[in-house]
Amino acid sequence: MDRFVFLTFDGLSRGAVYAAFALALVLIWRATRIVNFAQGAMAVATAYVGYSVSAATGSYWLGFAVAVLGGLLLGAVTERVVMRLVDHSSHLNGVVVALGLVLVIQGVLGMIYGNEFRPAEAPFSREAFTVGGIALLSRFDLFVFGAVFLVVALLVVLFTRTSVGLRMRASAFAPDVSRLLGVNVGGMLTLGWALAAAVGSLAGMLVLPTELGLHPNAMDIVFVSSFTAAVVGGLDSAVGAVAGGLIVGLLLSYVSGYLGATVAPIAVLLLLVVVLLGRPGGLFSRSAARAV
Amino acid sequence: MSVTLAPKVDAGTRVPAAPRKHRYLVWAVVAAVLIVALTYALPPFRNYQLATVGAYLCVTAGLTVLTGLNGQLSLGHGALMATGAYTVAMVQEKLAGRGQWTLLVAVLAGIAVATVAGGIVGLAAARLRGPYLAGLTLAVAVVVPAIASTFDKTFNSDQGLSVYVDPPPLALGATFPYERWQAWLAWAGALLTVFLLATLVRGRFGRALRAVRDDEAAARIAGVNVARTQVLAFVVSAACAGLGGALFAVLAQSVSPGAFPISLSLFLVMAIVIGGLGSLAGAVWGAVLLVALPALTHSLTELIDVSPAVAQRLEGNLPLALFGITLIVVMLAAPGGIASLRLRRRKA
Amino acid sequence: MTALLEAEQLTVGYGAAPVLHSVDLTVAQGSITAVLGANGAGKTTLLRTLSGLLRPATGRVVLDGQDLRGVKVEQMVRRGVAHVPEGRGVVTELTVDENLRLGGLWRRDRVDAKRALDEVYDLFEPLARRRRFPGHQLSGGERQMLALGRALVGRPRLLLLDEPSLGLAPKVTAQIMGLLRTLRDRTGLTVLLVEQNVRSALSVADTGIVMSLGRVVANADAATLRDDEDMRHAYLGF
Ligand SMILES: Nc1ncnc2c1ncn2[C@@H]1O[C@H](COP(=O)(O)OP(=O)(O)OP(=O)(O)O)[C@@H](O)[C@H]1O
Ligand SMILES: [Mg+2]
């Protein structure tokens, strides 16, 4: 029972990160119908930069800020320089170009930093508080919850309460109509990519300390887990992404806790298969069909 | 099958099947002779590289059929290769020392296992499109190390297994170079694969593949069983990946999860995209590229004067970056992306 | 009578073959001009070219004496051009209110943008009752009101309307035509009206042009077109 409680909190904490990362995937998918397969690599890249800054300045938070802002910049540049030029006549094009980005980023990171795991320190203790003898969650977990909650809240406010959010949604749903109404659709796309990449970078900063550390491939499994989370929630649904993230986080935590950490990726694959074959529109969609 | 099925481009180039088949056979024999001659001209290390090209060619040819001709993107072919490779390791372990024939059994077993695995993935894949399929196959690629670790009694985790391979048959002479033998083995597999695939995609099946890729609804109306065609394409290409993986196991004489990373799967996709998706000739270029580019960067790093640590970093990662950049540039430069790459190749 | 909009020798296509061939057009300030023609005549293509969604291969569009070459689509609304596209272009994922606000987002004058929005709600009573409804829950007529209202929030000088009567009851069509007249009389709005519904279009228009196979085959007073039996038989089918 104690263990179950601990694993639940641990799962929710992981799930919060997957939720944020999945949210970033959903943001871009809704705006461009591209699943950004490079998002994991982009997040790792900014995390490397962030930790380099931390190491050079001795301030974790400066590095943290640089990582998130770096994500913003990297996302904008990616959209402007690469993704904007992708031909949309085939779904394959966007995926393949994103994979090219993965290779470039991982190659460049490997050249600069090498392929050894580097420690990624956490800003807070990862030692769990105990309440009545039961280990619950750590300061770092609280930080994760807080950061993800804040990001989700900010995104909700942005999209539902501000005119920029309205422009972004309109651009995603109806680009031509939006342009006729004076919306700078291209700019909104850039902004969308920038925001998504920043959220991805934040998720990276939150997850890397709990995994093995920094490595060019460190986010590969996180990407797959978060993609699964996004699919579980329905790729079009921001709320679904958050719910899907928590579900995947809990699943991974229970599986790792009871069956062993090596089984976790297999569990994710099974979940993905089951959802894709059973409810391709996501667990929360009303119809089971999805035409892509 | 109705006339609407055959795309216009094909109509002009269609010729009676039988002469074609003979032509492919002639091509295969000519290629075999050339390869054998080449193996006598090349030093051992080059022969090993040649062998690697052959092993890659099995996989890229199969992937060209799947992605280029049928429009299904798989990021999991590295994992399918792994199933073939591990099977070879395990079968050879059981049959070690009983003679050359065991290798054939082991490779066939590797193909069979990969085919079954591909069939399972393909059944799922036939119901998925675009990024969903890409995501699923990526997940398959990611679980390879996890499976090796979870069932470590069988697969021995990250260390992997060693693969027993007999020395070249004595009939070839006592001093027959091992690398030449490897090249022969790999290219026997590669030429057989390409010959069979070329024959296969020329016929009815090939037309069905392309029809499904170009317009599923139209293909369905024309009487093509879309789902079955897609599953079959996956099965065929998985069998090729299994053979390629089996050959890799034979060449490296060991298998481990590290030999089948995600980047391998991405490399394969990159190779066929850059090679040109429309034809098996593109698969050849892709396979050559997969061996040549890392080799080139290796020579490059040897030229520039850097510390061994830096050189090692460059060597491992420069090809990655170059592959990635090439892939992006090719995709963006080709108007229409993948579709025009197909067209360009078909016209060429 | 001064020309607000002029198109000179427009040749436009989607691929290699042009769809419009050397189209000339003059729209007078404060007029209502009907654009008529069979399906596929090129009416939508003409409108899309005028608002900048399509770039002409040759020829030019002049608004208020200014060449529009190189002007981005998203700038057109700032020059007073509102284009209500075929199929209405309501963003169905957004609510009625969001759609309407979208029409005024580009405006600096936030106070007047708000006022214009309220005026649209006054004008279209059904919309006011469905402010929070998502677009996909509206009826066809309501969507048409929304698309038109959204254009009006921007207080355009030139309104490009592509088949506003599509799928609407005759009564609603008549209301919309009446509204166009009123707006023209009250605010000096200039309207270019693409219509299949020839009778109602000519009932409200001052002049009309008839297109066929990408060319302008007639350009005359609405009354003349109404009375020209040969023309009606040949191109307008009644
Ligand atoms: N996106 C497109 N790509 C290629 N050809 C197009 C495209 N849109 C229209 N066309 C062609 O251009 C011609 C004119 O089309 P357009 O939509 O301008 O006609 P229209 O007069 O608006 O017809 P309707 O009354 O049916 O709306 C048609 O022959 C059509 O096939
Ligand atoms: Mg039209």
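Residues numbered from 1 in each chain as written. Chains lettered and ligands numbered in written order. Predicted model: local features only at pLDDT ≥ 70, side-chain atom pairs only at ≥ 80, totals over all residues. Heavy atoms only, no water.

- With an unreviewed UniProt entry as reference, chain B is termed Branched-chain amino acid ABC transporter permease, source organism Actinoplanes auranticolor.
- UniProt, in its Subcellular location (unreviewed entry) section for chain B, records the words "Cell membrane". (UniProt positions renumbered as here; feature names shortened; annotations may be inferred.)

- Named according to an unreviewed UniProt entry, chain A is Branched-chain amino acid ABC transporter permease originating from Actinoplanes auranticolor.
- As recorded by UniProt, the Subcellular location (unreviewed entry) comment attached to chain A reads in full: "Cell membrane".

1. Notes on the nonpolar core
Part 1: If you look at the biggest cluster of nonpolar residues, it comprises 205 residues, and the most contacted ones within it are Phe37 and Phe223 of chain A, Leu75 of chain B together with Leu102 of chain C.
Part 2: If near-sequence neighbours (up to four positions away) are discounted, phenylalanine 37 of chain A is found in contact with Val95, Ala98, Leu99, Val102 and Phe223 of chain A together with Leu75, Pro131, Ala134, Gly135 and Leu138 of chain B.
Part 3: Membership of the second largest hydrophobic core comes to 43 residues, among which are Leu161, Val198, Ala201 and Val210 of chain C. (Core = buried A, V, L, I, M, F, W, Y, C linked by side-chain atoms within 4.5 Å. Buried < 20%, exposed > 50% of the residue type's maximum accessible area, 1.4 Å probe, protein only. Contact = heavy atoms within 4.5 Å.)

2. Quick look at the interface of chain A and chain C
Accessible area lost upon the coming together of the parts serves often as the stated size of an interface.
Part 1: Counting from both sides, the interface comprises 15 residues of chain A and, opposite them, 20 residues of chain C.
Part 2: For chain A, the biggest contributors to the area lost against chain C are Leu166, Leu180 and Leu181 of chain A; these three give 39% of the whole.
Part 3: Here chain A and chain C share three salt bridges between them.
Part 4: Here arginine 169 of chain A ties to glutamate 98 of chain C by a salt bridge, and the two come within 2.7 Å at their closest N and O atoms. (Buried area = accessible area lost by both parts, 1.4 Å probe. Salt bridge = Lys/Arg side-chain N within 4 Å of Asp/Glu carboxyl O.)

3. Remarks on the pairing of strand β7 (residues 158-162) of chain C
All names here are of chain C.
Part 1: Of all five residues making up β7, five are buried, and the element is well covered by its neighbours.
Part 2: Residues Leu158, Leu160 and Asp162 point to one face of β7 and Leu159 and Leu161 to the other, with burial holding for every one of them.
Part 3: Where strand β6 (residues 81-84) lies against β7, four bridges are found, and the strand directions are parallel. Within the sheet, the bridge partner assigned to histidine 83 lies in β7 and is leucine 160.
Part 4: Considered for its hand, the β-α-β crossover made up of β7, helix α7 (residues 170-187) and strand β8 (residues 190-194) is right-handed. (Helix = DSSP H or I, 4+ residues; strand = E, 2+ residues; numbered from the N terminus. Pairing = 2+ DSSP bridges. Right-handed = clockwise from strand over helix to strand, strands pointing away.)

4. A few points about the interface of chain B and chain A
Part 1: Opposite the 45 residues of chain B that make contact, chain A presents 50 residues.
Part 2: Sorting the residues of chain B by area buried against chain A places Pro131, Tyr132 and Arg313 of chain B first, and these three jointly supply 18% of that buried surface.
Part 3: Inspection of the region where chain B meets chain A yields five residue pairs in polar contact (both at pLDDT 80 or more).
Part 4: Where the side of chain B that touches chain A is concerned, the elements lending two or more residues are α6 (130-150), α12 (262-275) and α14 (308-333) of chain B.
Part 5: Considering only residue class, the side of chain B that touches chain A consists of 31 nonpolar, eleven polar and three charged. (Polar contact = N/O pair within 3.5 Å; in protein donor to acceptor, adjacent residues only side chain to side chain. Nonpolar A, V, L, I, M, F, W, Y, C, P; charged D, E, K, R; others polar.)

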